[in-house]
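Next come the chains, spelled out residue by residue.
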Amino acid sequence: MKTIVVLTGAGISQESGIKTFRDSDGLWENHRVEDVATYDAWKKNPDLVRNFYNARRKELYNVEPNEGHKQLLRLEEKFNLQIITQNVDDLHERAGSTNVIHLHGELKKVRPINNPDKIITWENDLNVGDTDE
């Protein structure tokens, strides 16, 4: 079976209604990267960082995979398909794709502060907060 590698980014999820970071009305418009997406930002203002990412998580429950995600699943039925994505959403997986590498992490997977070896999969409870387990 032939292997196909597909690289995806914000454009594929934008079609589902997820804002991109770089568009003129994108997510970085209201936030500096340094204020919400770095370890120093977390140390300085964990509530801001947590709220920023919780808003991204909440957004996931209001969107669905689009035709682009579904077409990639159709490719996977005929080829050994590997998707490498910059996206932190789970739309590829929700469409049914099974071989997805997330370069920038996944919104629905978090590590507790006091147990960084543990990975918690975030389901529908947006009140998980710090999880010090």
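Residues numbered from 1 in each chain as written. Predicted model: local features only at pLDDT ≥ 70, side-chain atom pairs only at ≥ 80, totals over all residues. Heavy atoms only, no water.

Q: Any chance you could break down the nonpolar core for me, citing the residues and the numbers?
A: Membership of the largest hydrophobic core is limited to 6 residues, which are Val 6, Ile 12, Leu 72, Leu 81, Ile 83 and Val 100. With residues near it in sequence (within four places) discarded, Ile 12 still touches Asn 66, Gly 68, His 69, Leu 72, Asn 87 and His 92. (Core = buried A, V, L, I, M, F, W, Y, C linked by side-chain atoms within 4.5 Å. Buried < 20%, exposed > 50% of the residue type's maximum accessible area, 1.4 Å probe, protein only. Contact = heavy atoms within 4.5 Å.)

Q: For the environment of Ile 101, give the residues involved together with the corresponding values.
A: Secondary-structure assignment places Ile 101 in strand E3 (residues 100–102). With a relative accessible area of 42%, Ile 101 lands in the partly exposed category. Taking C-alpha positions, Ile 101 is 6.2 Å from Thr 85, a pair spaced 16 residues apart along the chain. Ignoring sequence-local partners within four residues, the contact set of Ile 101 consists of Gln 82, Ile 83, Ile 84 and Thr 85. (Helix = DSSP H or I, 4+ residues; strand = E, 2+ residues; numbered from the N terminus.)

Honestly, it's all geometry; don't read function into it.
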